[in-house]
Amino acid sequence: MKKQFLSAIAISAILVAGGCYYDVEEDLYPEVNCTTENQSYANDIVPILQTNCYVCHGQGIGLGNVTLEGYNNLKVYADNGKLVGVISHDSRFPAMPQGAAKLSACNISKITQWVTDGAPNN
Ligand code: HEC
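Because the structure is a prediction, the values reported are computed rather than measured.

J.: Tell me about helix α6 (residues 105-116), residues and numbers included.
T.: With 12 residues, α6 should cover 16 Å at 1.5 Å per step; its first-to-last C-alpha distance of 16 Å lies within 8% of that length. For α6, the full list of buried residues reads C106, N107, I108, K110, I111, W114 and V115. Following α6 by one or two positions, G118 has its phi on the positive side, about 95°.

J.: Break down the coordination of the iron atom of the ligand for me, with residues and values.
T.: Donor atoms from the polypeptide that coordinate the iron atom of the ligand comprise H57 (NE2) and M96 (SD), at 2.0 to 2.3 Å from the metal. Between the six donor atoms coordinating the iron atom of the ligand, the angles at the centre fall across 86 to 178°, so the site counts as octahedral. Taken as a pair, H57 in helix α3 (residues 54-57) and M96 in the loop between α5 (82-87) and α6 lie far apart in primary sequence, 39 residues in all. Comparing H57 with M96, the two get one shared label, buried.

J.: Explain the site of the ligand residue by residue, including any values.
T.: The full set close to the ligand counts 17 residues, and C53, C56, H57, K82 and M96 are the nearest of them. One of the side-chain nitrogen or oxygen atoms of K82 is found 3.0 Å away from an oxygen atom of the ligand. At a threshold of 2 Å from the grid points, most atoms of the ligand map onto the largest pocket. Going through the elements one at a time, α3 and α5 are the ones with two or more residues in the shell around the ligand.

Reading guide: rules and limits
- Residues numbered from 1 in each chain as written.
- Predicted model: local features only at pLDDT ≥ 70, side-chain atom pairs only at ≥ 80, totals over all residues.
- Heavy atoms only, no water.
- Helix = DSSP H or I, 4+ residues; strand = E, 2+ residues; numbered from the N terminus.
- Expected span 1.5 Å × (residues − 1).
- Buried < 20%, exposed > 50% of the residue type's maximum accessible area, 1.4 Å probe, protein only.
- Donors = N, O, S within 2.8 Å, 3.2 Å for Na, K, Ca; no water.
- Tetrahedral: all angles 85-135°; square planar, octahedral: opposite > 155°, others 65-115°.
- Near = heavy atom within 4 Å.
- Polar contact = N/O pair within 3.5 Å; in protein donor to acceptor, adjacent residues only side chain to side chain.
- 1 Å grid on protein atoms, 1.4 Å probe; cavity = no way out; pocket = protein on both sides within 12 Å on 5 of 7 lines; lining within 4 Å.
- Sits in = over half its atoms within 2 Å of the grid points.

Right under this line is the structure:
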């Protein structure tokens, strides 16, 4: 009787631990799949900025006198270091996106790699 009770506890512990393990693996999954090589301005960078930045830095909005929509506008901030500085929360720059959570590590890596590659219009 006592032995049965103990094995019931052991089985529940395994089930609970198994559940936690599954959750953790699921959280890590997107980062494992984060591709940062050969980032495309049109297909990779623009969608990130569209979601997180254009609300304040789109064409005709330009908060803080900064417009990031359009390749030539963005290139200025890619080249002067401010784009990577603001998203990586470098203390020399105002943290962006302003008033919102920091971009995911994957998106920061994608933008940083694109800038390192010379911010191509690809
Ligand atoms: C809620 C509005 C808002 C959002 C969203 C936002 N910004 Fe800004 N941004 C501002 C304002 C206002 C300023 C100017 C004030 C300041 O320098 O703090 C600014 C300034 C900047 C600057 C210039 C910094 C400098 O040192 O001159 C850059 C670059 C920038 N933002 C990039 C971004 C990027 C990239 C995103 C998206 C990841 C983003 N911003 C999202 C409001 C926003």
